[in-house]
Amino acid sequence: AEQENTGRKMNLPKLGMGKVTAKYEENYDFKGLIKMRNEMYEKGKQEAVAETDMWLDADNNNIGIETTSVATKDGSTMSNVIIMDMKNKAMMTYNVVDGGKSGMIMPIPDSLQAEASEATVDLTDNVKIRKTGNTRTILGYRCDEYEVTEEGSNGTSNVWTTEDIDFKANKKLLAGQQGMPKGFGKGQLKGLTLASESYEKGQLTSKMDVTKIDMNETHSISTTCVSFIQMNFLKWGQKKK
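The structure reproduced in this document is the subject of the present report.

Notes on the pattern of salt bridges
Any two side chains of opposite charge can pair, on the condition that their charged atoms come close.
For step 1, the next point in the chain: Taken as a whole, this structure holds seven salt bridges when the rule is applied.
For step 2, the next point in the chain: Where Lys 35 meets Asp 53, a salt bridge forms, and the shortest distance between an N and an O atom there is 2.7 Å. Of this pair, Lys 35 sits in strand S2 (residues 27–42) while Asp 53 sits in strand S3 (residues 45–57); the two residues are 18 residues apart in sequence, bridging distant segments of the chain.
For step 3, the next point in the chain: Looking at Lys 35, the relative accessible area reads 26%, which means it is partly exposed.
For step 4, the next point in the chain: We classify Asp 53 as buried; its relative accessible area is 17%.
For step 5, the next point in the chain: Salt bridges linked by common partners bring Arg 37, Glu 39 and Glu 51 together as one network.

Regarding the nonpolar core
For step 1, the next point in the chain: Ranked by size, the top nonpolar core spans 20 residues in total, and within it Ile 34, Met 36, Met 54, Ile 63, Ile 138, Leu 194 and Val 210 carry the most contacts.
For step 2, the next point in the chain: Listing elements by their share of this core, those giving two or more residues are S2, S3, strand S4 (62–71), strand S5 (77–85), strand S11 (192–200) and strand S12 (203–222).
For step 3, the next point in the chain: Ala 22, Ile 105, Ile 221 and Phe 228 belong to the second largest nonpolar core, which has 14 residues in total.

Quick look at the pairing of strand S8 (residues 127–138)
For step 1, the next point in the chain: Examined bridge by bridge, S8 and strand S9 (residues 141–150) share nine bridges and lie antiparallel to one another. Note that in S9 the partner of Ile 129 across the bridge is Val 148.
For step 2, the next point in the chain: The loop that links S8 with its antiparallel partner S9 comprises two residues; one of these, Leu 139, has a positive phi angle of about 55°.

Here we look at the packing of aromatic side chains
For step 1, the next point in the chain: Considering all chains together, one arrives at two aromatic pairs under this definition.
For step 2, the next point in the chain: On the basis of an interplanar angle of 80° and a centroid distance of 5.2 Å, the ring pair of Tyr 24 and Phe 228 is categorised as edge-to-face. With Tyr 24 in the loop between strand S1 (17–18) and S2 and Phe 228 in strand S13 (residues 226–231), this residue pair connects regions lying 204 residues apart in the sequence.
For step 3, the next point in the chain: Residue Tyr 24 is classed as partly exposed on the basis of its relative accessible area, which comes to 30%.
For step 4, the next point in the chain: In this structure Phe 228 comes out as buried when scored by relative accessible area, which is 10%.
For step 5, the next point in the chain: Among the aromatic residues, ring-to-ring pairing joins Tyr 24, Tyr 94 and Phe 228 into one connected group.
For step 6, the next point in the chain: The ring of Trp 160 carries Arg 136 above its face, with NZ or CZ at 4.7 Å from the centroid.

Rules of the game
- Residues numbered from 1 in each chain as written.
- Predicted model: local features only at pLDDT ≥ 70, side-chain atom pairs only at ≥ 80, totals over all residues.
- Heavy atoms only, no water.
- Salt bridge = Lys/Arg side-chain N within 4 Å of Asp/Glu carboxyl O.
- Helix = DSSP H or I, 4+ residues; strand = E, 2+ residues; numbered from the N terminus.
- Buried < 20%, exposed > 50% of the residue type's maximum accessible area, 1.4 Å probe, protein only.
- Core = buried A, V, L, I, M, F, W, Y, C linked by side-chain atoms within 4.5 Å.
- Pairing = 2+ DSSP bridges.
- Phe/Tyr/Trp six-rings, centres within 6.5 Å; stacked < 30°, edge-to-face > 60°.
- Lys NZ or Arg CZ within 6 Å of the ring centre and 35° of its normal.

What follows is the structure in structure tokens.
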């Protein structure tokens, strides 16, 4: 049945939205936790803090990400959940607002799935990576420091990575998830990022720290009370012939 709108009508099919046909589970079980803290700054002052729990499922290559963001000025909070379901080839993302849960589910085309698991990371021409030779220990892991600079901009980043953690989960998929800096330079920046700091004109703009790693911690995420709409990747960017 068509929905009647008193205001401006939206053509949902043209936007790639439609009936939920993608398959997904009512419950996702995970074993393995990476906990991160992201801090955002504006003119040297802290603007917001985000606490992110990234949950791993090595058996199915699934990833669950739960983030709670707090704005420093007014103390407002926002909770977001992302689930990458590689068995059913679907990605779900939803927000928790006023106790309700609503969001989108997107089928993952085989082409995108292949890119996530097999493609090498793009090396943009204007990014330079330098291993400084400095090291530090984070959560008991030895980390190497890299300096990442972008030509033609005032942005620089210091990134600390470790190669001492062996993941069974999909490493390529992990590298692209929220809170984790992209793996610059086709392997130049090796290992898992445990900390990073980004600067603009020498002023701190963001900071990320992994605060806990426990590959034995378990957790479940339920989708039973979530109201989804479906967004189809293949609808975007297609032109009528």
